[in-house]
Amino acid sequence: MTTTESAPTGVDHREADDPQGWQFNSSLGLTVLLLLLVVVLQAPIRRVLSAPVMQSWMTVFVAVVVQALPFLVLGVLLSAIIAVFVPPTFFARALPKHPALAVPVAGMAGVVLPGCECASVPVAGALVRRGVTPAAALAFLLSAPAINPIVLTATAVAFPRNPQMVIARFVASLLAACVMGWLWQRLGRTDWLRPPAHPSSDGLSNGAAFWGSVRHDVMHAGGFLVVGAMGAATLKSVVPASWLHAAASNQAVSILALAILAVLLSICSEADAFVVASLSQFSLTARLAFLVVGPMIDLKLFAMQTATFGRGFALRFAPATFVLAILMSVLVGAVLL
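Keep in mind the model is a prediction, meaning the values are calculated, not measured. (Residues numbered from 1 in each chain as written. Predicted model: local features only at pLDDT ≥ 70, side-chain atom pairs only at ≥ 80, totals over all residues. Heavy atoms only, no water.)

**A word on the pattern of salt bridges**
Item 1. Here the structure, examined in full by the defined rule, presents 2 salt bridges.
Item 2. Across the pair Asp272 and Arg169 runs a salt bridge whose closest N-O atoms are separated by 2.8 Å. Taken as a pair, Asp272 in helix H14 (residues 272-277) and Arg169 in helix H10 (residues 164-187) lie far apart in primary sequence, 103 residues in all.
Item 3. You can call Asp272 buried: its relative accessible area is 1%. (Salt bridge = Lys/Arg side-chain N within 4 Å of Asp/Glu carboxyl O. Helix = DSSP H or I, 4+ residues; strand = E, 2+ residues; numbered from the N terminus. Buried < 20%, exposed > 50% of the residue type's maximum accessible area, 1.4 Å probe, protein only.)

**Description of the confidence of the model for the chain**
Item 1. Across the chain, pLDDT averages 79, with 82% of residues at or above 70.
Item 2. Across the chain, the element-wise mean pLDDT spans from 50 in helix H1 (residues 13-17) up to 96 in helix H15 (residues 284-293).
Item 3. Taken as a whole, residues 1-7 scores under 50 in pLDDT and shows 1 contact with residues more than four places along the chain or in a different chain. (pLDDT = per-residue confidence, 0-100. Contact = heavy atoms within 4.5 Å.)

**Re the packing of aromatic side chains**
Item 1. Here the structure, examined in full by the defined rule, presents 4 aromatic pairs.
Item 2. Ring centres of Phe309 and Phe313 lie 5.1 Å apart, and the angle between their planes is 55°; on these two criteria the pair is classed as tilted.
Item 3. In textbook terms, an aromatic cluster arises when at least three aromatic residues are bridged by ring pairs, as seen for Trp184, Phe309, Phe313 and Phe317. (Phe/Tyr/Trp six-rings, centres within 6.5 Å; stacked < 30°, edge-to-face > 60°.)

**Things to note about a nonpolar patch on the surface**
Item 1. Judged by side-chain polarity, Ile167, Val171, Leu175, Leu331, Val335, Leu336 and Leu337 come together as a nonpolar surface patch covering roughly 560 Å² of accessible area.
Item 2. When residues of the nonpolar patch are traced back to their parent elements, those giving at least two are H10 and helix H17 (311-336). (Patch = residues over 30% accessible without salt bridge, like charges linked within 9 Å, V, L, I, M, F, W, Y side chains within 5 Å. Areas by Shrake-Rupley, 256 points an atom, 1.4 Å probe, with all protein chains shown as cover.)

**As for the side chain of Ser254**
Item 1. With respect to the helices, strands and loops of the structure, Ser254 is situated in helix H13 (residues 251-265).
Item 2. When its relative accessible area of 1% is taken as the criterion, Ser254 is described as buried.
Item 3. Every residue in contact with Ser254, bar those within four places of it in the chain, is listed here: Ala247, Ala248, Phe282, Ser283 and Ala286.

**As for the nonpolar core**
Item 1. Formed by 84 residues in total, the largest nonpolar core has its most connected members in Phe159, Leu258, Phe290 and Val293.
Item 2. Once you skip the residues sitting within four places of it in the chain, Phe159 turns out to touch Met165, Ala273, Val276, Ala277, Leu284, Arg287 and Leu291.
Item 3. If you look at the next biggest cluster of nonpolar residues, it comprises 7 residues, including Val64, Val65, Ala229 and Ala233. (Core = buried A, V, L, I, M, F, W, Y, C linked by side-chain atoms within 4.5 Å.)

**Topic: unusual backbone geometry**
Item 1. Unusually for a residue other than glycine, Ser266 sits at a positive phi of about 55°.
Item 2. Locating Ser266 in the fold gives a position in the loop between H13 and H14.
Item 3. Using a relative accessible area of 1% as the deciding quantity, one classes Ser266 as buried.

**So, the packing of H15 against H17**
Two packed helices can be described by the angle between their axes and the distance between those axes.
Item 1. Where H15 meets H17, the closest approach of the two axes is 9 Å, and the angle between their N-to-C directions is 140°. Accordingly, the angle class assigned to the pair H15 and H17 is oblique. With respect to the hand of their crossing, H15 and H17 are arranged in right-handed fashion. When H15 is examined against H17, the residues Thr285, Leu288, Ala289, Val292 and Val293 are found in contact with a partner set consisting of Phe322, Ala325, Ile326, Ser329, Val330, Val332 and Gly333.
Item 2. Across the contact of H15 with H17, the residue classes tally to 9 nonpolar, 3 polar and no charged. (Axes fitted to C-alpha atoms, helices over the stretch in contact; angles between N-to-C directions. Parallel < 35°, antiparallel > 145°, perpendicular 65-115°, else oblique. Left-handed = near helix turned anticlockwise from the far one by under 90°. Nonpolar A, V, L, I, M, F, W, Y, C, P; charged D, E, K, R; others polar.)

In structure tokens, the structure reads:
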């Protein structure tokens, strides 16, 4: 006598017999449900999106993402090139053996990267993975967005009557980057810096490894860029413009206010000079603080640094960078402005 085994309770025979068809039907059902929700909620959604606050939010969000995304892609491409095509021995030859000397050399190397802070984060992550001392990689991360030729040219165009702003921005940014590198060398701990693991390229061709690294970094850093842009848009849409006028009347308060504003606005370094140049009610030193702080630490940068080096690193590195960037701005501003 033969018996037929029955399928375990709870198993859908359709899923077992045709898993692809079952998944297709599930996806189709979910799509139809979402379309129905959009149709039903169309009027409330239209009212919410037409509100002035939401229009301002969407404008800032799109502007931050559109400004940052091309340079993020540039940084991802450079990161992939470094990871796949540049041998690890190159960096050992290019940088001085002593970490204290490697920091200023890496800081000056920021001159050759025509991008903003979104590009420097993945490149710095690739440098660390390639064995570059973290102090030098972090100096490059901080200096590159502020002292490259495109940013300095934009600063000169934005401040045609104050050409000293170009020199002040270069000097203050380079000083802050080098001092932070030296501080990390002196006080930093290895367990604070945890770059995420990259997909292994063993057995892959250079082309396959290159595009694998690109896809990984775009998905990893791009998501955090969107999160940072959402935070910047939310904060900017609720901060009254009248606060800026009140803050400008006191020098110390104005410097701190513009430094905080640089963090909240999260503007790419290619555009920040034009924004702050319009704030003529603030002193040149206060506006210099905006130009030095912004490319080193803002909302999207904090999110990207968290993604690239770990939360423990970002929670220590960001506040120290913020304070040091303000101090260098005040010092250089007192001498050159």
